[in-house]
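One-letter residues, chain by chain:
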Amino acid sequence: MIKIKKGLDIHLKGKAEKILLQSQKSDCYCIFPDDFHGFTPKTAVKAGDKIRAGAPVLYDKNCPEIKITSPVSGEIIAINRGEKRKLLNILIASEKIARNVYYGKKDIQRLTAEDIKKTLAESGIFAFIKQRPYDIIANPQDTPRDIFISGFYSAPLAPDLEFILKGEEDNFQKGLEVLSKLTTGKVYLSIRPDCQSECLKNAGNVEIVHVEGPHPSGNVGVQINQIKPINKGEIVWTMDPANVLFIGRLFNKGAVDFSKIIALTGSEVKETGYHQVILGANIKSLAENNVTQDINLRYISGNVLTGTKTEPDGFLHAFDNQITVIPEGTETNEFFGWAMPGLKKFSNSRTFFSWLLDPRGKKEYSFDARIKGGKRAIIMSNEYDKVFPMDILPEYLLKAIIAFDIDKMENLGIYEVAPEDFALCEFVDTSKIEIQQIVRNGLNLLYKEMK
C-alpha cells in the first residue's frame, strides 16, 4: 500500500456518465507525429496512396524498425507541413469497409522477447510504449529494468478505467502477458484500494500495488518514484492501460485494432458519457449539437491539465482518452474580481472564501481557460512542494533546466520526471510560467546531449 499525501484533486463539473453513447463514425482520421516524443518522422506514404489499417505511414529516421501505422483503411488525403518542412500531421479518409494488414495469431510462449518486439514494431504498437528517463518512445534494442502501468486515472474529469475495460478482460490480460516477456524484472500494475474490477484486481503476470491519494497519484511517474525509483543508467518502460488493449488484440486477433472508448467531459457538454472511436478520430461528430451554444468554447484533447488545445472539428490525439469542453472565458468581465470574496471560485491557497462553504473540498467548479494574470519571475513560495509528491525539489530542478546545468539536473532527479508530473505545479503557479514546456525542453536537450 502506497499513500500519496501531497497533491490536489480538482473537482470540475461535467464528469462523464457511465453510459456508452451512440456516435457517427468519423470520415477522416489524423496522425500527429509530435504525439510521439523522441520519434523523428519519415513518411512512408504520399498523398493519394491507398492504405490498409495496420500499414506503416511513418517510420523513425533514427530507428527505422519503429513505425506508426494507419488506424484505418482508406486514402491518404493530405500530408501537412509547417515551417522548415516540419511534418505536422497526416490526414486519412476512411473507407466504409475496413481492410486490415494481417500479422497472424501467435503463441506467446513460443516467442522470444525479440520476436515480440519485432511484431509490435511492425504493427505500430511499439510506438505506444514509453521509456523513462526522458519520457520518449522506447527503443526496441533496450531491455527495461521494469515496466510500470497505472491502473487508474486521477486527473480532473478523467475517464473510469474500469468502465473502459469492461468486455476487454481477455485482451487486457493478453497484453500484460506479452509485456511480462519484454523485461527481466517485473511488470508493476498500480490500482486503487477500492478497485471493483476483477480484470485489474486479479491480473496475472504482474506485481499489483495499491495506491491511494489525490492527483497526481494516478501518474505513472509518481508511482515509479514511490515503488522503485530510477537510478542513472537504468531504463524502465511505461504504458497507458487503455493502450495495453492494442497489444492484446494484436495477439488475439492477428490484426491491429486501434479502437478505444473515450470520455466526453466538461461543464459545457450537455450529455456527457463515453464514445467508442478509433485512434485519431474527428471529434466534430461527438461534440456537435451537444455543447453550449452562443459562447466561445475551448476544446481539449485530453484533460484540462495536460491536454492539447484543438478545434471544434479537430482530432483526438494518440495518447488521449477523453475530450474536454470548457468555456474560453473571453466574454467574462469581472469588476474588481480580485477583490471580491469569490464564493463561487476555486482557490487552492484559500485566497477566496469559497473554502468556507466547502470545507471537505468536494464541491464541483466550472473553470474557464483564462490564465488570470501575467508572467513574472519564479516566486520561491513553497507552492509547488504542496502539490508535488515526488522526492524532488521542483523549484530547483526547474532553475537547473532553464540554466541547462546537466550536473544539477541529474542530481535533482530529472531522469524520473515527465512534463505531466508538473501539471499541478503549473496550475497553482502564481508566476504563470509554462512549467510543462520547460520540463519537456529540458528532457529533449538532455536526451540529445547524452545520445
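A quick note: this is a predicted structure, and the numbers were derived from the prediction, not measured. (Residues numbered from 1 in each chain as written. Predicted model: local features only at pLDDT ≥ 70, side-chain atom pairs only at ≥ 80, totals over all residues. Heavy atoms only, no water.)

1. Observations regarding the pairing of strand β8 (residues 87-94)
The condition is simple: Buried residues are those whose accessible area, probed at 1.4 Å on protein chains only, stays under 20% of the maximum for their type, while exposed residues exceed 50% and partly exposed ones sit between those limits. The numbering of helices and of strands both runs from the N terminus, where a helix is a DSSP run of H or I of at least 4 residues and a strand a run of E of at least 2. If DSSP finds at least two bridges between two strands, the strands pair.
β8 sits mainly inside the fold: six of its eight residues count as buried. As paired strands, strand β2 (residues 28-31) and β8 are joined by four bridges and run antiparallel to one another. Of the residues in β8, the one forming a bridge with C28 is A93. Pairing analysis gives seven bridges linking strand β7 (residues 74-81) to β8, with the strands arranged antiparallel. Bridged to I76 within β8 is I92. Between the end of β7 and the start of β8, which pair antiparallel, lie five residues, with K84 showing a positive phi angle near 55 degrees.

2. Let's talk about the sheet that holds β8
Judged by pairing direction, the sheet is antiparallel, and its four strands sit side by side in the order β2-β8-β7-β4 without closing on themselves. Pairing within the sheet leaves two strands with one partner each, and these edge strands are β2 and β4 (50-51).

3. Considering the sheet that holds strand β14 (residues 236-238)
With mixed pairing, seven strands are arranged side by side in an open sheet as β1-β13-β12-β11-β14-β9-β10. With one partner strand each, in any of the chains shown, β1 (2-3) and β10 (136-137) form the two edges of the open sheet. Sheet analysis places strand β11 (residues 147-150) next to strand β12 (residues 187-191), joined by four bridges and oriented parallel. The residue bridging S150 from the neighbouring strand is S190, located in β12.

4. What about the packing of helix α1 (residues 113-123) against helix α6 (residues 241-253)?
Heads up, the rule is: The angle between two axes is taken between their N-to-C directions and runs from 0 to 180 degrees, where each axis is a line fitted to C-alpha atoms and a helix contributes only its stretch in contact. Roughly parallel here means an angle under 35 degrees, roughly antiparallel means over 145, roughly perpendicular means 65 to 115, and every remaining angle is called oblique. Contact criterion: two residues are considered in contact whenever any of their non-hydrogen atoms come within 4.5 Å of each other.
Where α1 contacts α6, the axes come no closer than 11 Å and their chain directions differ by 105 degrees. Taken together, the axes of α1 and α6 lie roughly perpendicular to each other. Each of I116, T119, L120 and S123 in α1 lies in contact with α6, whose residues at this interface are I247, L250 and F251.

5. Some remarks on helix α3 (residues 169-180)
As a reminder, the rule being used: Every helix has an expected span of 1.5 Å times one less than the residues it contains.
Between its first and last C-alpha atoms α3 spans 17 Å; for 12 residues at 1.5 Å apiece the expected length is 16 Å, and the two agree. Listing the buried residues of α3 in full gives N171, F172, G175, L176, E177, V178 and L179.

6. What about the packing of helix α9 (residues 394-403) against helix α12 (residues 435-450)?
How we decide: The hand of a helix crossing depends on one turn: near helix anticlockwise from the far one by less than a right angle means left-handed, and clockwise means right-handed. Note on residue categories: nonpolar means Ala, Val, Leu, Ile, Met, Phe, Trp, Tyr, Cys or Pro, charged means Asp, Glu, Lys or Arg, and polar means any other residue, Gly included.
Interaxial distance between α9 and α12 falls to 9 Å at its minimum, and their mutual angle equals 55 degrees. Of the possible angle classes, the one that applies to α9 and α12 is oblique. Considering the relative orientation of α9 and α12, their crossing is left-handed. Touching L398, I401 and I402 of α9 are I435, I438, V439 and G442, all from α12. Broken down by class, the residue content of the contact of α9 with α12 amounts to six nonpolar, one polar and no charged.

7. Some words on unusual backbone geometry
P133 follows R132 through a cis peptide bond whose omega is 10 degrees. Topologically, P133 is positioned in the loop between β9 (130-132) and β10. Look at the link from H215 to P216: it is a cis peptide, with omega at 20 degrees. At L157, a residue that is not glycine, the phi angle is positive and equals roughly 60 degrees. When you line up the elements, L157 lands in the loop between β11 and α2 (161-164). Residue F404 is not a glycine yet carries a positive backbone phi of 50 degrees. Structurally, F404 is set in the loop between α9 and α10 (406-411). We classify F404 as partly exposed; its relative accessible area is 28%.

8. Side note on the state of the cysteines
Condition: Put simply, a disulfide is two cysteine sulfurs that come within 2.5 Å.
Enumeration according to the criterion identifies zero disulfides in this entry. Left without a disulfide partner, C195 is nearest to the cysteine sulfur of C199, which lies 8.7 Å away.

9. A closer look at the packing of aromatic side chains
Cut-off, in case you're wondering: Ring pairs are drawn from Phe, Tyr and Trp, using the six-membered ring of Trp, whenever the two centres fall within 6.5 Å, and their geometry is named by plane angle: stacked under 30 degrees, edge-to-face over 60, tilted for the rest. Only Lys NZ and Arg CZ are tested; either one counts as a charge over a ring when it is within 6 Å of the ring centre and within 35 degrees of the ring normal.
For the coordinates displayed, the defined rule picks out 17 aromatic pairs. Ring geometry for F126 against W237: centres 5.5 Å apart, planes inclined by 90 degrees, an arrangement best described as edge-to-face. Remark: W237 occurs in strand β14 and F126 occurs in the loop between α1 and β9; sequence separation between them is 111 residues. Under the relative-accessibility criterion, F126 is labelled buried at 0%. A centroid spacing of 5.7 Å and a plane angle of 50 degrees characterise the contact between F346 and F367, whose relative ring orientation is tilted. Placement of the pair is F346 in the loop between β19 (322-327) and α8 (354-357) and F367 in the loop between α8 and α9, with a sequence separation of 21 residues. The aromatic ring of F319 is capped on one face by K130, whose charged end is 4.5 Å from the ring centroid.

10. Things to note about the environment of I191
If you trace the backbone, I191 turns up in strand β12. The spatial distance from the C-alpha of I191 to the C-alpha of R298 is 31 Å, given a sequence separation of 107 residues. With near-sequence residues (within four places) excluded, I191 lies in contact with F152, L200, K201, I208, V209, H210 and V211.

11. Topic: the side chain of Q131
One can find Q131 in strand β9. Given the relative accessible area of 6%, Q131 is considered buried. Beyond its immediate chain neighbours, meaning those up to four positions away, Q131 contacts I136, I137, A138, N139, D142, I235, V236 and W237.

12. With respect to the pattern of salt bridges
This is how the line gets drawn: Salt bridge criterion: a side-chain nitrogen from Lys or Arg within 4 Å of a carboxyl oxygen from Asp or Glu.
According to the stated counting rule, one finds 21 salt bridges in the structure shown. The salt bridge involving K86 is made with D34; its shortest N-O contact spans 3.0 Å. Residue K86 is located in the loop between β7 and β8, and its partner D34 is located in the loop between β2 and β3 (41-43); the two are separated by 52 residues in the primary sequence. Take D34: its relative accessible area is 41%, and that puts it in the partly exposed class. In this structure, E168 engages R249 in a salt bridge whose closest nitrogen and oxygen atoms are separated by 2.8 Å. One end of the pair, E168, is in the loop between α2 and α3; the other, R249, is in helix α6, and 81 residues separate them in sequence. Residue classification places E168 among the buried positions, given a relative accessible area of 16%. Overlapping salt bridges, with partners in common, bring together R132, D135, E420, D421 and R440 in one network.

Distances and angles like these do not, on their own, reveal function.
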